[in-house]
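Residue-level listing of the chains:
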Amino acid sequence: MSRAPGGDFRPSERMLIALVEHGRYIRRFLEWTPRGRTNHYLADLAGLLCLGVYLPPWREARGWRELARRELEREIEVQTDADGFHAEASTTYHHFVVEIYELVAAVDRAHALGFSRKFHERLARMREVDHAMRGSENLDPRLGDDDSGTLFLPPDLAKGEGPVAARLLRASGIGILR
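All values reported here derive from a predicted model rather than from experimental measurement.

Draft legend 1. Spotlight on the overall build of the protein. For the protein, the helix and strand inventory stands at 7 helices and 2 strands. The linear arrangement of helices and strands in the protein, starting from the amino end, is β-β-α-α-α-α-α-α-α. Within the protein, contacts between residues at least 6 apart in sequence are counted, and of these 64% link residues at least 24 apart.

Draft legend 2. Representation of helix H2 (residues 39-54). Helix length check: H2 (16 residues) gives 22 Å between terminal C-alpha atoms against 22 Å at 1.5 Å per residue, within 8%. Counted residue by residue, H2 has 12 buried out of 16 residues, so it is predominantly covered. Those residues of H2 lying buried are Asn39, Tyr41, Leu42, Asp44, Leu45, Ala46, Leu48, Leu49, Cys50, Leu51, Gly52 and Val53. Each element contacted by the buried residues of H2 is listed here: helix H1 (13-28), helix H3 (59-78) and helix H4 (91-111).

Draft legend 3. Highlighting the side chain of threonine 80. Summarising the element assignment, threonine 80 is placed in the loop between H3 and H4. A relative accessible area of 5% means that threonine 80 is categorised as buried. Engagement of the side chain of threonine 80 in a polar contact is seen with the backbone oxygen of isoleucine 76, the distance being 2.3 Å. There is a polar contact of 2.7 Å between the side chain of threonine 80 and the side chain of arginine 122. Non-local contacts of threonine 80, meaning those with residues more than four positions away in its chain, are made with Glu75, Phe85, His86, Ala87, Arg122 and Met126.

Draft legend 4. Structural context of the side chain of threonine 91. The topology assignment puts threonine 91 in helix H4. Setting aside chain neighbours within four positions, we find threonine 91 in contact with Phe85, Met133, Pro141, Arg142 and Leu143.

Draft legend 5. Summary view of unusual backbone geometry. A positive phi angle is found at alanine 89, which is not glycine, with a value near 55°. On the secondary structure map, alanine 89 appears in the loop between H3 and H4. The backbone of alanine 112 shows a phi angle near 45°, a positive value even though the residue is not glycine. Relative to the helices and strands, alanine 112 is located in the loop between H4 and helix H5 (117-134).

Draft legend 6. View of the confidence of the model for the protein. Of all residues in the protein, 79% have pLDDT values of 70 or greater, and the mean over the chain is 83. Contacts of residues 173-178 to residues separated by more than four positions or lying in other chains number 4 contacts, the stretch itself having pLDDT below 50.

What counts and what doesn't
- Residues numbered from 1 in each chain as written.
- Predicted model: local features only at pLDDT ≥ 70, side-chain atom pairs only at ≥ 80, totals over all residues.
- Heavy atoms only, no water.
- Helix = DSSP H or I, 4+ residues; strand = E, 2+ residues; numbered from the N terminus.
- Contact = heavy atoms within 4.5 Å.
- Expected span 1.5 Å × (residues − 1).
- Buried < 20%, exposed > 50% of the residue type's maximum accessible area, 1.4 Å probe, protein only.
- Polar contact = N/O pair within 3.5 Å; in protein donor to acceptor, adjacent residues only side chain to side chain.
- pLDDT = per-residue confidence, 0-100.

Structural data, given as structure tokens:
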């Protein structure tokens, strides 16, 4: 990265090439199945959406953005029940998927990508379910399958002493291995 006039950061050519290669890899190996799609596919799509928005506008990146927008619109309906709970039936996967869709919604707001009102309404129901499970204290109930995936570092772990990885391990109960 280099600093441009005005203080903005510009990615180096090497970084742009790496991002394009990542986008191509994700696109080639999308974790889509005709039945039982999961948070993995949503994460793939969110990655393609972000790459499609933030890379310089060339045809390949635009294609990733459009594919991701179309599929994310569809998948929020496919992968969540009408009440807003994620189909993997796990509290932690539900929260992780809410984070993925929150990122998507933020990118939509920042870049006017045209996600539908129906998409945002379903995400609102997902947030309501997440809040009902976590409560006002933002507890982290772990019911069902769990791989502790997260997009956003909890504020209490973002602050503090030592490497972030060590704080995450301590918070997850793995700190006994240190």
